[in-house]
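# Fold and contact review
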Amino acid sequence: MKLKIDDVRTRFIKHLGGEPGSVYASPGRINLIGEHTDYNGGFVFPGAVEQGMIAEIRPNGTRTIRAYSIDLKDYAEFSIDDEKGPNASHFRYIFGVAREMMALGIPVEGFDTAFAGDVPNGAGMSSSAALESCYAFAINDLFGEGKIDKMTLAKVGQATEHKYIGVNCGIMDQFASVHGKKDNLMRLDCRSGEFEYFPWNPKGYKLVLINSCVKHELVGSPYNDRRNSCENCVKTIKELHPEKEITTLREATWDELKEIEGKVSAEDIKRATFVLGEKDRVLAVCDALENGDYETVGQKMYETHYGLSKEYEVSCEELDFLNDIAKECSVTGSRIMGGGFGGCTINLVAEELYDNFVKTAVEKFQQKYGKKPVVIDVVIGDGSRKLC
């Protein structure tokens, strides 16, 4: 992690006084492949990154949390027994995690805390999940004797998003932040919760994000619309095959999708085509990684970008432009990372082509859109942990 203990400790002592506390860290994440698959019961393939959140925490013997955000220069006090909690979202994450840990039977008490992060804004690297995971891990360590398992800690973060922030997210972001392991990606089965580590040691390649710094305001509910399309297909397959146990597109086959053409809209078929293809691509990437075949990994990344752009239709002009530049520069693999409609591309690039690709992407993007994209090098790091 790039943030050091001293980055948080000096502000902790300055704003909260007294003796030092314990320092914890949790990372943000990237996702190599597997988009819009979590709510379809499929697979995702995330990894923790070096950037993340760091927090110093000291129990204070009361029922009050005294919290200072170093990045926002904001301070708040709130009781863990007050069901309403603070208004500011950066403090509601902490409050929500404390309340969810209490619901699990952990005897949480008040504490003093200061926190900071270095996850780039708007890059889709899940700074909120890093913050939730950091405090879930810390509270488990300080008040729970470490008895809550990692997957439950991830679910605490997810529940915080649902109940206290109003974001109906999947489990991937919190899972990756808690479970991260240096030099390893993780394949998570979103249906069963089972996961497996896959070594990530791409000799001769680099992983880099190009952040377009674009976020398009959307009319209507495009995420819900796509989710509804997937559910329509599942419902129609179920009507044709009442004997089949099918709850998500994870259980659907290509033959069944062909069978419902004309019974659902062409748009619904397009969305489901992407989801079934993405399920196959994640498994193909797993096989390729086991064989050290990064060319196939890259090919599948390009296929995913095409699917997200033309079938799921969650790309935008700027991201398609960055993907085209990657192809022109012979980048091994490139695709949108995250929900879409802005954010960044994730790129797998041979080391000897890296400098030219980054230079070309920045120059051409600035020339076309009048602003520089942000280049973020990716190093796969460890998950939630205590630093001191």
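Definitions and cut-offs
Residues numbered from 1 in each chain as written. Predicted model: local features only at pLDDT ≥ 70, side-chain atom pairs only at ≥ 80, totals over all residues. Heavy atoms only, no water. Helix = DSSP H or I, 4+ residues; strand = E, 2+ residues; numbered from the N terminus. Expected span 1.5 Å × (residues − 1). Buried < 20%, exposed > 50% of the residue type's maximum accessible area, 1.4 Å probe, protein only. Polar contact = N/O pair within 3.5 Å; in protein donor to acceptor, adjacent residues only side chain to side chain. Pairing = 2+ DSSP bridges. Contact = heavy atoms within 4.5 Å. Axes fitted to C-alpha atoms, helices over the stretch in contact; angles between N-to-C directions.

### Notes on helix H4 (residues 150-165)
Given 3.6 residues per turn, any residue in an α-helix points the same way as the ones three and four places further on. For H4, built from 16 residues, the straight-helix expectation of 22 Å at 1.5 Å per residue is met to within 8% by its first-to-last C-alpha distance of 22 Å. Taken as a whole, H4 has its buried residues at Met151, Leu153, Ala154, Val156, Gly157, Gln158, Ala159, Thr160, Glu161 and Tyr164. Among the residues of H4, the N-terminal cap falls to Asp149, whose side-chain oxygen and the backbone nitrogen of Met151 are separated by 3.1 Å. Immediately beyond the C-terminal end of H4, within one or two residues, lies Gly166, with a positive phi of roughly 85°.

### Here we look at the sheet that holds strand S3 (residues 46-59)
Read from one edge to the other, the open sheet built from six strands follows the order S5-S4-S6-S3-S1-S13, with strand pairing classed as mixed. Each edge of the open sheet carries a strand with a single partner, namely strand S5 (74-79) and strand S13 (385-386). Strand direction decides the pairing type here: strand S1 (residues 22-31) and S3, joined by nine bridges, are antiparallel. Along S3, the bridge assignment pairs Ser26 with Met53. The strands touched by helix H3 (residues 127-143) are S1, S3, strand S6 (111-117) and S13; relative to S1, the strand with the most contacts, the crossing angle is about 145°.

### Remarks on the environment of Phe357
Tracing the backbone through its elements, the reader meets Phe357 in helix H11 (residues 351-369). As a C-alpha pair, Phe357 and Glu328 span 29 residues in sequence and 8.9 Å in three-dimensional space. Filtering out sequence-adjacent residues up to four positions away, Phe357 remains in contact with Val208, Ile210, Ile325, Ala326, Cys329, Val331, Asn347 and Val349.

As far as function goes, none of this settles anything; it's purely spatial.
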